[in-house]
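Survey of secondary and tertiary structure
Listed below, chain by chain, are the residues.
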Amino acid sequence: MTEIYRNRLHKLSSFFERENQEAILITSLSNCRYMCGFTGSNGYLLATKDSLSLFTDSRYLIQAEQECPTASVFPMSPEYNSLRDLLQNSKIKEVGFEFHDISYANHTNISLSLEGLVGLIPQKYVVEKLRSVKENSEIEFIEKAVKIADEGMSGISDLLEVGMTELDVAVKVEQFMRDLGSESPAFHTIVGVGENAAIPHHKPNGSVIKNGDQVVIDMGAVYKGYRSDLTRTFQVGDVSHRFRDIYNLVLKAQLAAE
C-alpha cells in the first residue's frame, strides 16, 4: 500500500503545479484515508508536493503511525498551533483548504491561529477529482463490497418469513455482512414491509411481515473503505399475479438498461 499512497501524492502534485500552490489542507476524512490510509474519526492532513503531514488526537497517534507509513504524524492542538508551527517552519505562505468540507468555526479558528502569516485559499474537490478515476485495487475493493452485500442479501432472502419484524430483518442482514467481512453497514439499513415498502428511506421498526407482504431491503457493505448499495424487493408467502407482473416488468427494464 505504501507505493499506492506515494503514487497518489505524485498525482496530487499536478494540482500544485497547475494552481501554483505550495500546500493543501485536507479535512475530509474520506480524502485523508485516500491519501494516506488513516481510518480514525478525527484528524486532518497537510499535503505538499513531496510530503504528507497528518494531525490527529492522542487516541489515534499510535494507530496513525501504523496505518500511514508515508505520512509524518503530529498531535493535534485545539488552537491549531501545531499546524501553524509546521507551516511557518516550512516557510509556506499560502495553503489551500477544502471549503466544501470545513466548518465555518474551524476555518475561523485556523485563520486566528495563522494570524495572517499564511494565506488560506479555497479549493473545491481537488482530491475528489483524483478519486473519481479508480485504480485497479479500488475496483477490486468495490467488487468485494458488492459481493459481500449480494451474499448477505441471498442469506436473508432464505430466512424471510411471516412473523418477522423489520428490525429482525435489518439485524440479521447486517450480521450476515459482518460475518462475510464487512467493516460496517454502508448506511442505515432500510427494511420496509407492506405499506412501509413505499417509503424510500423508511427506518426499520416493529412492523410485522404478514402473508403476501412485499418487503423492500436496501443495504450495503463497506470493504476497506469502499461501499456497495443493493436494493431488492421480495414477497413473503403467497405471491400475487400482480406482483409477478410488476416485478418482471421492472426486471426487464433493468436488464435493457444494463
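1. Comments concerning the overall build of the chain
- When helices and strands are counted, the chain shows nine helices and eleven strands.
- Its C-alpha atoms give the chain principal-axis dimensions of about 70 × 35 × 30 Å.
- Counting over 258 residues, the chain shows a buried share of 41%.
- Taking the intrachain contacts of the chain between residues at least 6 apart in sequence as the baseline, contacts between residues at least 24 apart amount to 61%.
- Carbon and sulfur atoms provide 52% of the accessible area of the chain, an area that totals close to 14,400 Å².
- Of note, the chain has its 26 positive side-chain charges centred 3 Å away from the centre of its 35 negative side-chain charges.

2. A few points about the sheet that holds strand 2 (residues 43-48)
- Reading across the sheet, the six strands line up as 4-3-2-1-5-6 and stay open at both edges, with mixed pairing between neighbours. Lying at the two open borders of the sheet, with one neighbouring strand each, are strand 4 (72-75) and strand 6 (119-123). Taken pair by pair, the neighbouring strands of this sheet meet at an average axis angle of 25°, ignoring direction.
- With five bridges joining them, strand 2 and strand 3 (residues 52-56) adopt antiparallel strand pairing. If you follow glycine 43 over to strand 3, its bridge partner there is threonine 56.
- Of the strands in this sheet, strand 1 (23-26), strand 5 (94-98) and strand 6 touch helix 5 (residues 104-114), which is tilted by about 150° from strand 6.

3. A word on the pattern of salt bridges
- Under the criterion given, the structure shown has eleven salt bridges.
- Across the pair aspartate 85 and arginine 84 runs a salt bridge whose closest N-O atoms are separated by 3.3 Å.
- Overall, the relative accessible area of 35% leaves aspartate 85 in the partly exposed class.

4. Section: the packing of helix 1 (residues 2-19) against helix 2 (residues 29-36)
- At their nearest, the axes of helix 1 and helix 2 sit 7 Å apart, and the two run at 115° to each other. It follows from the interaxial angle that helix 1 and helix 2 lie roughly perpendicular. Judged by residue contacts, Tyr5, Arg8, Leu9 and Leu12 of helix 1 engage Arg33, Tyr34, Met35 and Cys36 from helix 2.
- For the contact of helix 1 with helix 2, a count of residues per class yields six nonpolar, no polar and two charged.

5. Concerning the packing of helix 4 (residues 81-89) against helix 5
- For the pair helix 4 and helix 5, the least separation of the axes is 9 Å and the interaxial angle reads 50°. Between helix 4 and helix 5, the angle falls in the class oblique. Handedness of the helix 4/helix 5 crossing: right-handed. When helix 4 is examined against helix 5, the residues Asn81, Leu83, Arg84 and Leu87 are found in contact with a partner set consisting of Ile110, Ser113 and Leu114.
- When grouped by side-chain class, the residues that make up the contact of helix 4 with helix 5 number four nonpolar, two polar and one charged.

Rules used in this analysis
Residues numbered from 1 in each chain as written. Predicted model: local features only at pLDDT ≥ 70, side-chain atom pairs only at ≥ 80, totals over all residues. Heavy atoms only, no water. Helix = DSSP H or I, 4+ residues; strand = E, 2+ residues; numbered from the N terminus. Buried < 20%, exposed > 50% of the residue type's maximum accessible area, 1.4 Å probe, protein only. Contact = heavy atoms within 4.5 Å. Areas by Shrake-Rupley, 256 points an atom, 1.4 Å probe, with all protein chains shown as cover. Lys, Arg positive; Asp, Glu negative; His and termini not counted. Charge placed at Lys NZ, Arg CZ, Asp CG, Glu CD. Pairing = 2+ DSSP bridges. Axes fitted to C-alpha atoms, helices over the stretch in contact; angles between N-to-C directions. Salt bridge = Lys/Arg side-chain N within 4 Å of Asp/Glu carboxyl O. Parallel < 35°, antiparallel > 145°, perpendicular 65-115°, else oblique. Nonpolar A, V, L, I, M, F, W, Y, C, P; charged D, E, K, R; others polar. Left-handed = near helix turned anticlockwise from the far one by under 90°.

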